[in-house]
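In case you want the letters, here they are:
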Amino acid sequence: ALLFITVYTADGFLFYVEDHCVFNSTKLDDIEYIRSYYYQKLEFTRFSSSVGKYVGYTEYGVRNAEAWNKDTGDLAAMRAQKETYCLNNVGNDHEAAL
């Protein structure tokens, strides 16, 4: 699986975003793109290409997910990440593993 993390700190509190691709092969149907949002090591919101929208895991995360799911442009861009972000990188990792 591919993993990229972005970290922001302010006043000792930690917020970070994690993008990763889960895959069993290089076929697009076998790839899942996931973007997770964390605060203080607790995942509060996630976008999964398998679900096709944001899902909240805390009260704050649910409010974020509801707002972000109304932005059809952002949802379309996130859904496209499976192909634009994962497909090329998965191919590289798959070849390196063989």
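Just so we're clear, the structure is a prediction, and the values are computed from it rather than from any experiment. (Residues numbered from 1 in each chain as written. Predicted model: local features only at pLDDT ≥ 70, side-chain atom pairs only at ≥ 80, totals over all residues. Heavy atoms only, no water.)

Q: When you look at the state of the cysteines in this model, what are you seeing that I'm missing?
A: Should the sulfur atoms of two cysteines be covalently bonded, the bond is a disulfide. If you walk through the whole model with that rule in mind, you get one disulfide. Here C21 pairs with C86 through a disulfide, and the sulfurs are 2.0 Å apart. In this structure, the disulfide formed by C21 and C86 twists by about -85° around the S-S bond and is classed as left-handed. With C21 in strand β2 (residues 13-23) and C86 in helix α2 (residues 72-97), the pair connects residues that are 65 residues apart, well separated along the chain. (Disulfide = S-S within 2.5 Å. Helix = DSSP H or I, 4+ residues; strand = E, 2+ residues; numbered from the N terminus.)

Q: Whenever I open this one, the packing of aromatic side chains confuses me. Can you help?
A: How two aromatic rings sit relative to each other is set out by the distance from centre to centre and by the angle between their planes. In this structure the tally under the stated criterion is 10 aromatic pairs. On the basis of an interplanar angle of 35° and a centroid distance of 6.1 Å, the ring pair of F15 and F44 is categorised as tilted. Here F44 lies in strand β4 (residues 42-48) and F15 lies in strand β2, a separation of 29 residues in the sequence. Aromatic ring contacts, followed pair by pair, group F15, Y33, Y37, F44, F47, Y54, Y60, W68 and Y85 into a single cluster. (Phe/Tyr/Trp six-rings, centres within 6.5 Å; stacked < 30°, edge-to-face > 60°.)

Q: Teacher, can you tell me more about the pattern of salt bridges here?
A: Two side chains bearing opposite charge may form a pair once their charged atoms approach each other closely. Tallying each qualifying case throughout the model produces three salt bridges. Where R35 meets D19, a salt bridge forms, and the shortest distance between an N and an O atom there is 2.6 Å. Here R35 is found in strand β3 (residues 31-39), whereas its partner D19 is found in strand β2, with 16 residues between them in sequence. On the accessibility criterion, R35 (22% relative accessible area) is partly exposed. Residue D19 is classed as buried on the basis of its relative accessible area, which comes to 11%. Linking E43 and R46 is a salt bridge whose minimum nitrogen-to-oxygen distance equals 2.8 Å. The class for E43 is buried, based on a relative accessible area of 15%. (Salt bridge = Lys/Arg side-chain N within 4 Å of Asp/Glu carboxyl O. Buried < 20%, exposed > 50% of the residue type's maximum accessible area, 1.4 Å probe, protein only.)

Q: Help me understand the side chain of N64 in this model?
A: Here N64 shows up in helix α1 (residues 59-69). If we ignore the near neighbours within four places in the chain, the residues touching N64 are F44 and T45. (Contact = heavy atoms within 4.5 Å.)

Q: Explain the pairing of β3 to me, please; I cannot follow it from the model alone.
A: On a regular strand, each side chain points to the face opposite its neighbour's, so the side chains alternate between the two faces of the sheet. Here β3 runs beside β4; their pairing, made up of six bridges, is antiparallel. Residue pairing for β4: Y38 is matched across the bridge by E43. Connecting the antiparallel pair β3 and β4 is a turn made up of two residues, with Q40 showing a positive phi of about 55°. (Pairing = 2+ DSSP bridges.)

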